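Secondary and tertiary structure notes
Each chain, written out:
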Amino acid sequence: MAPNKYEYIVNISKDFITLISRNYIYEIVNDAYCREIDKKREEIINRSVAEIWGDERFNNSIKKCLDKCFSGQEVHYIDKFRFGPFDKYMHVSYYPYFAGNKITHALVFSHDITKISEIESKLTQYEYRDPLTGLFNRRSLDIILEKEIEKAKLSKAEKLRALLFISLGNLAKVNQTYGFDIGDVLIENSGLRIKKVLRNCDFVFRFEGKELTAMLTDIKNSTDVARLAQRICNDVSMPYRYKGNDILITCKIGISIYPDDGEDKDTIIRNATAALAEAKRRGEKFVLYNRGLHKKAIERMSLESDMYKAFNKEQFELYYQPIVDSTGNILGAEALIRWHHPKRGLVAPADFIPIAEETGMIDSIGKWTLFAACKQVKKWISDKDSNRAIYVSVNLSAREFANGNLIETIKGALKNAGNLDPKHLKLEITESECMENPDETIRKMVSLHNIGIELFIDDFGTGQSSLSYLKRIPARTLKIDKVFVDELVKSEAEREYLSNIISLVRSRNKKVIIEGVSSKEQAELLHIMNCDRMQGFYFSKPLQSKEFTKQLLSGKKLPDSR
């Protein structure tokens, strides 16, 4: 298409020059372009851009630029392209090509800037990283924090971000005693210690002087930051051995959390530095800017620390809440853990079980509960006057249920309890836990069934299980959540709804236990619905083992007022 007198100029150019029609077809390509993509001119002319560069690259980037060009706009951008085995950075320019007053083609010039990009990349390392430690610098903090805040605003789940300002102490003395070179090494190593504590999705910066900064980008609970701050303090403060002497670096940390402590970069940074100043003033290892949150975090950490000691001090105890039939006879009991804290009194499971699950202590607590419950039910069935068919049910967390050693742990608990018959032990998992991985849940249920262990589905009706899943699960007993009982007396609609659930479950040849029965009126309505297994405060609160044993041996029906 181009006149012959211009061919020489076009072909001696080292830049890549092409002319592309509105149908995205190559009509002119110069020699440099042909050499670079290792194709002859006739292999390119009259072929589409998509054929040369692939549909994905064409549709995702090149086509958009060509369409803008065909609409009359000049387009300029830098991108990375693959030429044979090499990646090259190209500065690409699209110019509208007119025939009369009509745009008929796009004239495309591409210039190789790979060497320039490499130089810029090296310069960027100096611009955005601290030369001493290799960590991101203060300028990087401004950019990354701003981007993380924007990401949090757009995210439906990951809303929380935390900024930790970390001031290293004792450096002045180190510099004076051992020299600035040693001080610099300790700053660098402190940064490495902090990075080891954090996850790959978090960032560490050198803010200035002896101050480092950490940014946490995926936080589920604000109080979790305190635990991480404590770990940073502990790791940074581990002494260094140098020439026979121990060198100690201390640290103080100020913490601010987005969005609780500010909704923009500058406010988050300002409040973190204010919290750091407060930590120094009070002589504490760390301080959260939000005072209420700080108090809550300290209490949580204290509870966590005490929980580790609870086993050795025998502060955990199992209580047992009776499960009864329609006449009030005790069929079994649900084992419920309680913690007798020396200062706090009786700590509710809701206050310490979530912490145990987060820290992994739930494995130890769960195993202790299982072994203790098995030993207790063995005592009950061994008593001559006791109900020999009685069982105990033990709750499993999702973590415990997924544990590959669950079957062996259960076998160990049964053996430890004098070879307890498996029919006396039931396990409970919640409906929501079942639905996390339905196929794996069914496989594990079958394995439990094969060793004689029955599984109860707890809190049924609050999850998202389908009718087809209900039919597939090998669990024979479902515990209907108390939310379906609370309004039973007041609402006819609630009664009808619960009745339908019970009918549905029974149509699948499964048994029902109604939880949370708290009044005589509720119990009477449930009798009318032919519910023959119930549990709740109307019959009995959770009892200590001695009280439950006394109740069991008495043979009295529940509630005692009958």
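See the structure above.
The following paragraphs examine the structure supplied in this document. (Residues numbered from 1 in each chain as written. Predicted model: local features only at pLDDT ≥ 70, side-chain atom pairs only at ≥ 80, totals over all residues. Heavy atoms only, no water.)

1. Observations regarding the nonpolar core
By size, the foremost hydrophobic cluster in this structure holds 74 residues, and its most contacted members are Leu-425, Leu-427 and Ile-514. If one sorts the elements of this core by residue count, helix H14 (residues 362-382) sits on top with eight residues. Apart from the residues lying within four places of it in its own chain, the contact partners of Ile-514 are Ile-480, Val-485, Ile-502, Leu-526, Cys-531, Arg-533, Met-534 and Gln-535. Of all hydrophobic cores here, the second largest spans 38 residues; its members include Ile-194, Ala-226, Ile-257 and Phe-286. (Core = buried A, V, L, I, M, F, W, Y, C linked by side-chain atoms within 4.5 Å. Buried < 20%, exposed > 50% of the residue type's maximum accessible area, 1.4 Å probe, protein only. Helix = DSSP H or I, 4+ residues; strand = E, 2+ residues; numbered from the N terminus. Contact = heavy atoms within 4.5 Å.)

2. Considerations on the packing of H14 against helix H16 (residues 406-416)
Two elements in contact, H14 and H16, have axes whose closest approach is 8 Å; the angle formed by their N-to-C orientations is 35 degrees. Regarding H14 and H16, the two cross each other, and that crossing is right-handed. Of H16, the residues touching H14 (which contributes Lys-367, Leu-370, Phe-371, Cys-374 and Lys-375) are Thr-409, Ile-410, Gly-412, Ala-413, Leu-414 and Asn-416. In the contact of H14 with H16, the residues fall into six nonpolar, three polar and two charged. (Axes fitted to C-alpha atoms, helices over the stretch in contact; angles between N-to-C directions. Left-handed = near helix turned anticlockwise from the far one by under 90°. Nonpolar A, V, L, I, M, F, W, Y, C, P; charged D, E, K, R; others polar.)

3. A short note on the sheet that holds strand E5 (residues 102-112)
One open sheet holds the five strands; their spatial order is E2-E1-E5-E4-E3, and the pairing between them is antiparallel. With one partner strand each, in any of the chains shown, strand E2 (26-29) and strand E3 (75-83) form the two edges of the open sheet. On average, each strand axis in the sheet is inclined to that of its neighbour by 30 degrees, with strand direction left out of account. When strand E1 (residues 16-21) meets E5, the two strands line up antiparallel, connected through six bridges. Within E5, the residue paired with Ile-17 across the bridge is Phe-109. Against the sheet, helix H5 (residues 55-70) contacts E1, E3, strand E4 (86-99) and E5, and its axis sits at roughly 150 degrees relative to E3. (Pairing = 2+ DSSP bridges.)

4. Some words on a nonpolar patch on the surface
Together, Tyr-8, Ile-9 and Ile-12 give the surface a local cluster of nonpolar side chains, amounting to about 360 Å² of exposed area. Looking at the element boundaries, Tyr-8 is found in helix H1 (residues 7-12). According to the relative accessible area criterion, Tyr-8 is exposed, its value standing at 60%. (Patch = residues over 30% accessible without salt bridge, like charges linked within 9 Å, V, L, I, M, F, W, Y side chains within 5 Å. Areas by Shrake-Rupley, 256 points an atom, 1.4 Å probe, with all protein chains shown as cover. Salt bridge = Lys/Arg side-chain N within 4 Å of Asp/Glu carboxyl O.)

5. Observations concerning the sheet that holds strand E7 (residues 203-208)
In spatial order, the strands read E7-E8-E6-E11-E12; together these five strands make up an open sheet with mixed pairing. The sheet is open, and its two borders are formed by E7 and strand E12 (286-288), each paired with just one other strand. Across the sheet, the axes of successive neighbouring strands diverge by a mean angle of 20 degrees, strand direction being ignored. Direction of pairing for E7 relative to strand E8 (residues 211-219): antiparallel, over a ladder of five bridges. Residue Val-204 lies in a different strand from E8, and its bridge partner there is Ala-214. In the packing of helix H10 (residues 224-236) onto the sheet, the strands contacted are strand E6 (160-169), E8, strand E11 (250-258) and E12, and the crossing angle to E11 comes to about 160 degrees.

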